[in-house]
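# Structural overview for review
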Amino acid sequence: MPRRLSLIPILLAALAFALLPLEGRPAEPDDGTVILVAKRGLRDQIYGSTILFAKPVGSDRHVGFILNKPSQMTLGKLFPEHPASRKVSDPVFLGGPFGREVIFALVNRKESPGGRSVQITPDTFLAFDSPIVDRIIEKEPQQARFFSGMVVWQAGELRAEIKRGLWYVLDAKTDLLLKKQTDGLWEELVGRSERKANTI
């Protein structure tokens, strides 16, 4: 089994808190997973020219992952002692600045892969428990994307960013969530969003 990079119980507890709604405080019923496309005016070293998906987790908080920042690392480079990881040639994507010591798996399947996995769309799940991520690496890596780190919005932060005009908001589609070739994708989506906004 590959060993997570400096995976510590405190970090796992923080991620579980971020990913799962607080007891008695379900996610807002009118909200669902969305795609965020950074507008041209968003000048930020991390988030400029990015595409993310964001999911509500209750109390107006959200978590998300950057979709178009492939890193120079592969699972094989991160876990050279793990034969299954060495067989995955796709890059690990930078999901965000929080919890970069953790590898997350977004997998295309209609049923949960197990553990504390979170449903993102009707046919995608996000896994962050180490044994579940390991199993995805070993059994179904071609149906998955792997991320290092995530984005966390505290209560009201994402709503405020959207009101400030930082993001275009699109419906979450599985083919976009799992698209592995992302060169030029931001330019395509921001151009499409601008044209749509100009016709409204």
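Residues numbered from 1 in each chain as written. Predicted model: local features only at pLDDT ≥ 70, side-chain atom pairs only at ≥ 80, totals over all residues. Heavy atoms only, no water.

### Overview of the overall build of the protein
Under the convention used in this document: Going along the chain from the N terminus, every DSSP run of H or I of four or more residues is numbered as a helix, and every run of E of two or more is numbered as a strand. A simple rule labels every residue: compare its accessible area, found with a 1.4 Å probe on the protein chains alone, to the largest value its type can have, and call it buried under 20%, exposed over 50%, or partly exposed in between. Whether two residues are in contact is decided by their heavy atoms, any of which lying within 4.5 Å being enough. Per-residue and other accessible areas follow the Shrake-Rupley method at a 1.4 Å probe size, with only the shown protein chains counted as cover for residues.
Across its full length, the protein holds seven helices and ten strands. Classification of the 200 residues of the protein by burial places 50% in the buried group. Across the protein, the fraction of contacts at a sequence separation of at least 24, relative to all contacts at a separation of at least 6, is 68%. Carbon and sulfur atoms make up 52% of the accessible area of the protein, which amounts to about 10,400 Å² in all.

### Focus: the confidence of the model for the protein
The condition that has to hold: Confidence of the predictor at the level of single residues is captured by pLDDT, which takes values from 0 to 100.
Across the protein, the average pLDDT comes to 85, with 84% of residues at 70 or higher. Per-residue pLDDT stays below 50 along residues 1-14; that stretch engages in 31 contacts with residues further than four places along the chain or on separate chains. Between residues 21-30, whose pLDDT stays under 50, and residues either more than four places distant or in other chains, the model counts 18 contacts.

### Looking at the packing of aromatic side chains
Here is the rule: The rule is short: rings of Phe, Tyr and Trp, with Trp giving its six-membered ring, pair when the centres are within 6.5 Å, and they are stacked under 30 degrees, edge-to-face over 60, tilted in between.
Throughout the structure, instances matching the rule amount to four aromatic pairs. Consider the rings of F65 and F104, whose centres lie 5.0 Å apart with planes at 70°: the pair is edge-to-face. Remark: F104 occurs in strand 6 (residues 98-108) and F65 occurs in strand 3 (residues 61-66); sequence separation between them is 39 residues. On the accessibility criterion, F104 (0% relative accessible area) is buried.

### Regarding the pairing of strand 1 (residues 34-38)
Our working rule: Strand pairing is assigned whenever DSSP detects at least two bridges linking the two strands.
With four of five residues buried, strand 1 lies mostly within the body of the structure. In this sheet, strand 10 (residues 167-171) lies alongside strand 1 in antiparallel orientation, the contact comprising five bridges. Bridge pairing in strand 10 places I35 opposite L170.

### Comments concerning helix 4 (residues 130-139)
Among the residues making up helix 4, those that are buried are S130, I132, V133, D134, I136 and I137. Against helix 2 (75-78), helix 3 (83-86), strand 6, strand 8 (124-127) and strand 9 (144-153) lie the buried residues of helix 4.

### A closer look at the pairing of strand 3
Judged by how many residues are buried, strand 3 sits mostly within the fold: six of six residues are covered. Judged by which residues are buried, strand 3 turns out to be covered on both faces: R61, V63 and F65 on one side and H62, G64 and I66 on the other are all buried. The pairing of strand 2 (residues 51-58) with strand 3 spans six bridges and is antiparallel. Its bridge partner lying in strand 3, G58 is registered against R61. As defined by bridge partners, strand 3 adjoins strand 9 across three bridges and the pair is classed as antiparallel. Following the sheet pairing, H62 is matched in strand 9 by W153.

### Digging into the nonpolar core
Generally speaking, soluble globular proteins have nonpolar side chains that are buried together. The cut-off we apply is this: Here, nonpolar core means buried Ala, Val, Leu, Ile, Met, Phe, Trp, Tyr and Cys residues that are tied together by side-chain atoms lying within 4.5 Å of each other.
The biggest cluster of nonpolar side chains holds 38 residues, and the ones touching the most others in it are I35, L52, F53, F104, L106 and W167. Ranked by the residues each element gives to this core, the list is headed by strand 2, at five residues. Apart from the residues within four sequence positions on either side, L106 is in contact with F53, I120, T124, F125, L126, Q143, A144, R145, F147, L177 and L178.

### Some details on the pattern of salt bridges
What counts is decided by this rule: Salt bridge criterion: a side-chain nitrogen from Lys or Arg within 4 Å of a carboxyl oxygen from Asp or Glu.
Enumeration over the complete set of coordinates arrives at six salt bridges. Residue D129 is joined to R116 by a salt bridge in which the shortest nitrogen-to-oxygen separation is 2.7 Å. Remark: R116 occurs in the loop between strand 6 and strand 7 (118-121) and D129 occurs in the loop between strand 8 and helix 4; sequence separation between them is 13 residues. Residue R116 is classed as partly exposed on the basis of its relative accessible area, which comes to 32%. Its salt-bridge partner being E188, residue R192 comes within 2.6 Å of it at the nearest N-O pair. A residue pair is termed a helical-turn pair when its members lie 3 or 4 positions apart in one helix, as R192 and E188 do in helix 7 (residues 185-199) at four residues. Classification of R192 by relative accessible area gives partly exposed; the value is 45%.

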